[in-house]
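Read off the chains here:
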Amino acid sequence: MKLQLIILSFIVLALLSCSYPRNFTRDFYRENESKLEALKNDFKILYHQKPFAVLFEEKKFNHVNFEFITDTLKRIYHFNINENSLKDSLDLYQYNSPLVLKLIREMKEIQCTWINNIEYYVNLERRNLVMMAVRNKALNKAFKGESYCTLVFFERPQLFDEKGIFIDRADKKRRRQLNGYVLHKVNDSVGYAITKVYR
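The present account deals with the structure reproduced in this document.

The rules behind these values
- Residues numbered from 1 in each chain as written.
- Predicted model: local features only at pLDDT ≥ 70, side-chain atom pairs only at ≥ 80, totals over all residues.
- Heavy atoms only, no water.
- Pairing = 2+ DSSP bridges.
- Helix = DSSP H or I, 4+ residues; strand = E, 2+ residues; numbered from the N terminus.
- Axes fitted to C-alpha atoms, helices over the stretch in contact; angles between N-to-C directions.
- Contact = heavy atoms within 4.5 Å.
- Salt bridge = Lys/Arg side-chain N within 4 Å of Asp/Glu carboxyl O.
- Buried < 20%, exposed > 50% of the residue type's maximum accessible area, 1.4 Å probe, protein only.

As a further point, take the sheet that holds strand S1 (residues 52–56). Overall, antiparallel pairing links the eight strands, which are arranged S3-S2-S1-S4-S5-S6-S10-S9 in an open sheet. With one partner strand each, in any of the chains shown, strand S3 (74–80) and strand S9 (184–187) form the two edges of the open sheet. When the angles between neighbouring strand axes are averaged without regard to direction, this sheet yields 25 degrees. As paired elements, strand S4 (residues 112–122) and strand S5 (residues 125–135) share 10 bridges and run antiparallel to each other. Bridging from a neighbouring strand, isoleucine 115 pairs with methionine 132 of S5. Each of strand S2 (63–69) and S3 is contacted by helix H3 (residues 84–92), which is oriented at about 5 degrees to S2, the strand it contacts most.

Pasting the structure below:
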């Protein structure tokens, strides 16, 4: 009997370590909504001045890959955010250095590992969305490994079904996905997916 109790306890713990907190994204978004919205808005303004993307690759949030986007090509450089080389490169490529550096500090504060603007088309009309990935300890489980909460900020309200799953406008039975992951509703214009990759 004692052995069965130990085995049952182990199974319960294993199952718990495989699941994510049920309302993690909604709770995380609600608690950090003003920071997330400010980060998105600041990024959109800076992106429209001069396109770029930012990616933190390591857990300490001290090194970034900065994607300089020009009309002809993209250049990706790796920087330590505590060294002057990042600011010098931003100045060289004529970015708004103080505001971009502020954005990177805000990303670090909220543990945003990646932010980017994505262009897509609906009925031949170009639209934009901002995607960001967030790393959080609550998503990292012993048996599942590290996961990320990818947030998608649309410019206008989207269609979600009664279960809060993102659906296609033309075919309302078809679920829309983000890199193979089902996109769930945070609100009418924000969706999320729990993913294994940070971009």
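On to the pattern of salt bridges. For side chains of opposite charge, pairing can occur when their charged atoms come near one another. Inspection of the entire model under this criterion finds 11 salt bridges. A salt bridge links aspartate 42 to lysine 102, with the nearest nitrogen and oxygen atoms 3.8 Å apart. Of this pair, aspartate 42 sits in helix H2 (residues 24–49) while lysine 102 sits in helix H4 (residues 97–110); the two residues are 60 residues apart in sequence, bridging distant segments of the chain. Taking the relative accessible area as the measure of exposure, aspartate 42 reaches 26% and is therefore partly exposed. One salt bridge connects arginine 127 with glutamate 125, and the closest N-O pair in it is separated by 3.6 Å. Glutamate 125 gets classed as partly exposed once you look at its relative accessible area, which sits at 35%. Here the salt bridges do not stand alone but share partners, grouping Asp42, Lys102 and Glu106 into one network.

Positive phi values are uncommon outside glycine, yet phenylalanine 61 reaches one of about 60 degrees. Among the secondary structure elements, phenylalanine 61 is positioned in the loop between S1 and S2. For phenylalanine 61, a relative accessible area of 3% puts it in the buried group. Its identity is not glycine, yet leucine 124 carries a phi of approximately 65 degrees, on the positive side. One can find leucine 124 in the loop between S4 and S5.

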